[in-house]
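Chains, contacts and geometry: an overview
Residue strings, one per chain:
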Amino acid sequence: MMYEAVNRDRYGDELKEVMASHAKNGQWVKNALEIRKIYWYDKVLEKLLNTMGTPQSFGDYIAALRRKKLIAHDDYSLGVL
């Protein structure tokens, strides 16, 4: 979902459909689209890679993303909670 939000020009119609469906993912899409342009590597991927040193740092990072409502339990891009 975040990939689509980052590439909103390309996936705009799909994102609108999800928000219009009033499904639980619709709120996540709305939150993601309210974020200013995301620089995927610097803001997401690099931070994730930097947390991989210990399970504790990875868990803390994932918990912070959940608190900010940037990921959901059913987000397919998330392999482990």
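Residues numbered from 1 in each chain as written. Predicted model: local features only at pLDDT ≥ 70, side-chain atom pairs only at ≥ 80, totals over all residues. Heavy atoms only, no water.

Of regular secondary structure, the chain possesses five helices and zero strands. Reading the chain from its N terminus to its C terminus gives the helix and strand order α-α-α-α-α. Residues counted as buried form 27% of the 81 residues belonging to the chain. Of the contacts made within the chain by residues no fewer than 6 positions apart, 42% connect residues no fewer than 24 positions apart. When the accessible surface of the chain is summed, it comes to about 6200 Å², and 54% of that surface belongs to carbon and sulfur atoms. (Helix = DSSP H or I, 4+ residues; strand = E, 2+ residues; numbered from the N terminus. Buried < 20%, exposed > 50% of the residue type's maximum accessible area, 1.4 Å probe, protein only. Contact = heavy atoms within 4.5 Å. Areas by Shrake-Rupley, 256 points an atom, 1.4 Å probe, with all protein chains shown as cover.)

Next up on the list: the environment of alanine 32. Within the fold, alanine 32 resides in helix α3 (residues 24-34). A relative accessible area of 2% places alanine 32 in the buried class. Once the C-alpha coordinates of alanine 32 and alanine 5 are considered, the two residues, 27 residues apart in sequence, prove to be 6.2 Å apart. Apart from the residues lying within four places of it in its own chain, the contact partners of alanine 32 are Met2, Ala5 and Arg8.

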